[in-house]
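Chain and residue survey
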Amino acid sequence: MRLLPILAVLAAGLCMAQAPAYQSYYYQECAGTVIDVGYYGAPCIADWDGDGNKDMILGIFTGGNIRFYGNENANDSPVFNSYSTLKADGVTISLPSG
Ligand SMILES: [Ca+2]
Ligand SMILES: [Ca+2]
């Protein structure tokens, strides 16, 4: 009988929860070209260079490289015009896949 009040509370919580608001997707471009790294691209957005706007680090499955795209615009409308491949000790970082 203790289960019934718990279920009632859970049901009330579900009814009161707000529906998530989704935005439509878009293809991010770099220098006017859609960024396409094939399968399993892994973006991570943060202010990586510390200049106050959010940039993108993009892990690429094929070849295992990591790209840095510096944002040249506001956070809500990022503009990327180039990227660099991340290196460690002067050597391009390449992670094994699979
Ligand atoms: Ca930045
Ligand atoms: Ca920037």
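Above: the structure in question.
This write-up is about the structure you can find in this document. All values reported here derive from a predicted model rather than from experimental measurement.

Scanning the protein from N- to C-terminus turns up 1 helix and 8 strands. Helices and strands appear in the protein in the N-to-C order α-β-β-β-β-β-β-β-β. Across the protein, the fraction of contacts at a sequence separation of at least 24, relative to all contacts at a separation of at least 6, is 25%.

What follows is about the environment of arginine 67. Looking at where arginine 67 falls in the secondary structure, it is placed in strand β5 (residues 66-71). Classification of arginine 67 as buried rests on a count of 20 C-beta atoms within 10 Å. When near neighbours in sequence (up to four residues on either side) are disregarded, arginine 67 contacts Leu58, Ile60, Tyr83 and Thr85.

This next bit is on unusual backbone geometry. In the Ramachandran plot, alanine 31 falls in the positive-phi region, its phi being about 55° despite a non-glycine side chain. Positive phi, close to 55°, is recorded for aspartate 89, a residue that is not glycine. Owing to 5 C-beta atoms within 10 Å, aspartate 89 belongs among the exposed residues under this scheme.

This part is about the environment of isoleucine 93. Within the fold, isoleucine 93 resides in the segment after β8 (91-92). Isoleucine 93 sits 27 residues away from isoleucine 66 along the chain, and the two C-alpha atoms are 6.9 Å apart. In this structure isoleucine 93 touches Asn65, Ile66, Leu86, Lys87 and Ala88, once residues within four positions along its chain are discounted.

Criteria and cut-off values
- Residues numbered from 1 in each chain as written.
- Chains lettered and ligands numbered in written order.
- Predicted model: local features only at pLDDT ≥ 70, side-chain atom pairs only at ≥ 80, totals over all residues.
- Helix = DSSP H or I, 4+ residues; strand = E, 2+ residues; numbered from the N terminus.
- Contact = placed C-beta atoms within 7 Å.
- Buried ≥ 20, exposed ≤ 12 C-beta atoms within 10 Å, placed from the backbone.

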